[in-house]
Amino acid sequence: QPMGASSSSQTLGAAVASAAVAAAALLQIQRMRTRHQAHATDGRVFLHVTFEVKPANQKAFLGHFVPLLEASTKEPGCIKYQMTTEKEAPSNFVLIEEWADAEALKRHETLEHFTTHVPEMAKVAKITVHRYETCDVAALAKKA
């Protein structure tokens with residue numbers, strides 16, 4: 001075997017392995033881009049709902065929120081219905097909702113668990129709703 005042949009084989013093997021890893025990474029990036037492009041205009045609707053609740057009203061608020069949560073997460077079209085609290089103000093809550101489309105959200109707002117519990121929650125909390133919809137950022141950037 002010529003001198004240095006083993007070293008060249010190892011270097012070639014490492015280069016091939018490195019190229020395979022790079023190709024796999026590029027394929028994964030392309031899949032992520034394709035998935036992002038599909039989600040960019042898929043019609044999903046997101047709500048960011050804040051509830052400012054006085055500590056004295058927290059029990060009443062949660063007494064209405066828990067059944068709302070349990071029923072809402074079972075609805076068709078409900079992708080996410082996640083309650084969080086503010087670390088600095090634990091009696092303030094943020095609800096993050098994700099719906100498959102505007103029709104699913106519209107239907108949600110007509111159901112008994114919504115029409116029963118949300119008005120009661122509004123009696124003991126200041127509620128602020130922010131609505132967001134998916135958009136094609138690339139198309140927006142081209143228009144800008």
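Look up a bit, the structure's there.
Residues numbered from 1 in each chain as written. Predicted model: local features only at pLDDT ≥ 70, side-chain atom pairs only at ≥ 80, totals over all residues. Heavy atoms only, no water.

## What to know about the overall build of the protein chain
Along the backbone of the protein chain there are five helices and four strands. When its helices and strands are written in sequence order, the protein chain yields α-β-α-β-β-α-α-β-α. A burial count over the protein chain gives 23% of its 144 residues as buried. For the protein chain, the exposed surface amounts to about 9,900 Å²; the carbon and sulfur share of it is 60%. (Helix = DSSP H or I, 4+ residues; strand = E, 2+ residues; numbered from the N terminus. Buried < 20%, exposed > 50% of the residue type's maximum accessible area, 1.4 Å probe, protein only. Areas by Shrake-Rupley, 256 points an atom, 1.4 Å probe, with all protein chains shown as cover.)

## Looking at the nonpolar core
Among the nonpolar cores identified, the biggest contains 20 residues, and Phe51, Phe61, Phe65, Tyr81, Met83, Leu95 and Trp99 are the most heavily contacted of them. Looking at this core, the elements that each hand over two or more residues are strand E1 (45-53), helix H2 (58-72), strand E2 (78-85), strand E3 (92-99), helix H3 (102-108) and helix H4 (112-124). It is E1 that contributes the most residues to this core, five residues altogether. Look past the residues within four positions of Leu95 in its chain and what remains in contact with it is Leu47, His48, Val49, Phe51, Phe65, Tyr81, Gln82 and Met83. (Core = buried A, V, L, I, M, F, W, Y, C linked by side-chain atoms within 4.5 Å. Contact = heavy atoms within 4.5 Å.)

## Things to note about H2
Compared with an ideal rise of 1.5 Å per residue, which puts 15 residues at 21 Å, H2 spans 20 Å between its outermost C-alpha atoms and is within 8% of the ideal. Those residues of H2 that sit buried are Phe61, Phe65, Leu68 and Ser72. (Expected span 1.5 Å × (residues − 1).)

## Description of the pattern of salt bridges
Using the criterion set out here, one finds five salt bridges in the structure. Asp42 is the salt-bridge partner of Arg44, the closest N and O atoms lying 2.8 Å from each other. What makes Arg44 buried here is its relative accessible area of 16%. Looking at Asp42, the relative accessible area reads 30%, which means it is partly exposed. Its salt-bridge partner being Lys123, residue Glu120 comes within 3.0 Å of it at the nearest N-O pair. With Glu120 and Lys123 both in helix H4, this residue pair falls three residues apart, about one helical turn. A single network of salt bridges, built from pairs that share partners, joins Asp42, Arg44 and Glu98. (Salt bridge = Lys/Arg side-chain N within 4 Å of Asp/Glu carboxyl O.)

## Things to note about the environment of Lys54
As for its position among the elements, Lys54 is in the loop between E1 and H2. Put simply, Lys54 and Lys126 are 72 residues apart on the chain and 9.3 Å apart in space, counted from C-alpha to C-alpha. The residues contacting Lys54, other than those within four sequence positions of it, are Ser91 and Val124.

## Topic: the sheet that holds E3
Strand order in this open sheet of four strands is E2-E3-E1-E4, and the pairing throughout is antiparallel. Because the sheet does not close on itself, it has two edges, and the strands there are E2 and strand E4 (125-133). When the angles between neighbouring strand axes are averaged without regard to direction, this sheet yields 15°. Alignment of E1 against E3, held across eight bridges, turns out to be antiparallel. Across the sheet, Phe51 pairs through a bridge with Phe93, a residue of E3. The strands touched by H2 within the sheet are E1, E2, E3 and E4, with E2 carrying the most contacts at an inclination of about 160°. Docked against the sheet, H4 engages E1 and E4, running at close to 125° with respect to E4. (Pairing = 2+ DSSP bridges. Axes fitted to C-alpha atoms, helices over the stretch in contact; angles between N-to-C directions.)

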